[in-house]
Amino acid sequence: AGYQAQNCGNANSAYRGFSYHFFRVVEYLVFTSAAFLFMCGAALIVPFAEVYTLGISDVSYKRPLFGMLMCLNQFLFCVRLPYHMLVDAAGHFKQTRNGAIFEAFLNVIVSVTLVIKFGLIGVTIGTFCALLFRTLQYSIYASKNILQRKYRFVAEHIALSIVQAVIVSLVLKL
């Protein structure tokens, strides 16, 4: 935590220029690597499940939508980590705690509502909605209040991740 605070959390320090550049590099690397790895994971999860459950005939374990949603949820969790660590290192937990409460509330409400119609997929969609909200909340808060930059940089990373996902999907013919 000391390294995070020295290099990311203290916006008024002599390291501000280095910290800002360092965070941008970390942000880029996390978005890029997570997009690539979780797209590959999404492509490989169904074939893995088919091999792993070979010979089991009581139920079909081929659920590509569930696998894609799980990978998407993990992607969102990974890309929010730099913002979460930055907010914690800067000591801004109190300013973002209402978002944590709303995230839990949103997850429960959407999951309970959709589980009736969609089963496990509904719960996964509820988790997706909550993770998306909290990731956006963290990134907007960190950009505005800690990094003092426009949200445009985060939007660029999201756009780049979408382009990567499309390219991987085309190459793997998903």
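Before any of the text, the structure's been laid out above.
Residues numbered from 1 in each chain as written. Predicted model: local features only at pLDDT ≥ 70, side-chain atom pairs only at ≥ 80, totals over all residues. Heavy atoms only, no water.

K.L.:
Even after reading the chapter, I still don't get the overall build of the protein, so can you show me in this structure?
P.N.:
Along its length, the protein carries six helices and zero strands. Order of helices (α) and strands (β) in the protein, N terminus to C terminus: α-α-α-α-α-α. Each of the 174 residues in the protein was classed as buried or not, and the buried ones make up 34%. Partitioning the contacts of the protein with sequence separation of at least 6, the portion at a separation of at least 24 is 72%. (Helix = DSSP H or I, 4+ residues; strand = E, 2+ residues; numbered from the N terminus. Buried < 20%, exposed > 50% of the residue type's maximum accessible area, 1.4 Å probe, protein only. Contact = heavy atoms within 4.5 Å.)

K.L.:
Explanation requested: the packing of helix α4 (residues 93–118) against helix α5 (residues 120–146) in the structure shown.
P.N.:
Describing two packed helices takes the angle between their axes plus the distance from one axis to the other. Viewed as axis vectors pointing N to C, α4 and α5 meet at an angle of 160°, and their least axial separation amounts to 6 Å. With respect to each other, α4 and α5 are oriented roughly antiparallel. In this structure, α4 meets α5 at a crossing whose hand is right-handed. (Axes fitted to C-alpha atoms, helices over the stretch in contact; angles between N-to-C directions. Parallel < 35°, antiparallel > 145°, perpendicular 65-115°, else oblique. Left-handed = near helix turned anticlockwise from the far one by under 90°.)

K.L.:
Even after reading the chapter, I still don't get the side chain of Ser111, so can you show me in this structure?
P.N.:
Relative to the elements of secondary structure, Ser111 occurs in helix α4. Exposure remark for Ser111: the relative accessible area of 8% places this residue in the buried category. In terms of polar contacts, Ser111 uses its side chain to reach the backbone carbonyl oxygen of Val123, at 3.4 Å. Beyond its immediate chain neighbours, meaning those up to four positions away, Ser111 contacts Leu106, Gly122, Val123, Gly126 and Thr127. (Polar contact = N/O pair within 3.5 Å; in protein donor to acceptor, adjacent residues only side chain to side chain.)

K.L.:
Honestly, the state of the cysteines in this entry has me stumped. Any pointers?
P.N.:
Scanning the entire structure with this criterion turns up zero disulfides. In this structure Cys40 is a free cysteine whose sulfur lies 9.9 Å from that of Cys71, the closest cysteine sulfur available. A relative accessible area of 21% places Cys40 in the partly exposed class. (Disulfide = S-S within 2.5 Å.)

K.L.:
Sorry, what's going on with the nonpolar core here?
P.N.:
Across soluble globular proteins, nonpolar side chains have a tendency to be buried as a group. Counting residues in hydrophobic clusters, the biggest one holds 17 residues, and the most contacted among them are Phe75, Tyr83, Leu86 and Val87. Sorting the residues of this core by element identifies α2 (16–52), α3 (64–89) and α5 as the ones contributing at least two each. A per-element tally of this core places α3 first, with six residues. Look past the residues within four positions of Val87 in its chain and what remains in contact with it is His92, Phe93, Thr96, Tyr138, Tyr141, Ala142 and Ile146. (Core = buried A, V, L, I, M, F, W, Y, C linked by side-chain atoms within 4.5 Å.)

K.L.:
Can you walk me through the packing of α3 against α5 in this structure?
P.N.:
At a closest axis distance of 9 Å, the pairing of α3 and α5 adopts a crossing angle of 25°. The pairing of α3 with α5 is recorded here as roughly parallel in orientation. Of the two possible hands of crossing, α3 and α5 adopt the one that is left-handed. Considering only residue class, the contact of α3 with α5 consists of 21 nonpolar, six polar and two charged. (Nonpolar A, V, L, I, M, F, W, Y, C, P; charged D, E, K, R; others polar.)

K.L.:
Would you mind showing me how to read the environment of Ile45 here?
P.N.:
Assignment of secondary structure puts Ile45 in helix α2. Taking the relative accessible area as the measure of exposure, Ile45 reaches 32% and is therefore partly exposed. Residues Ile45 and Cys71, 26 residues apart in the sequence, show an inter-C-alpha distance of 9.0 Å.

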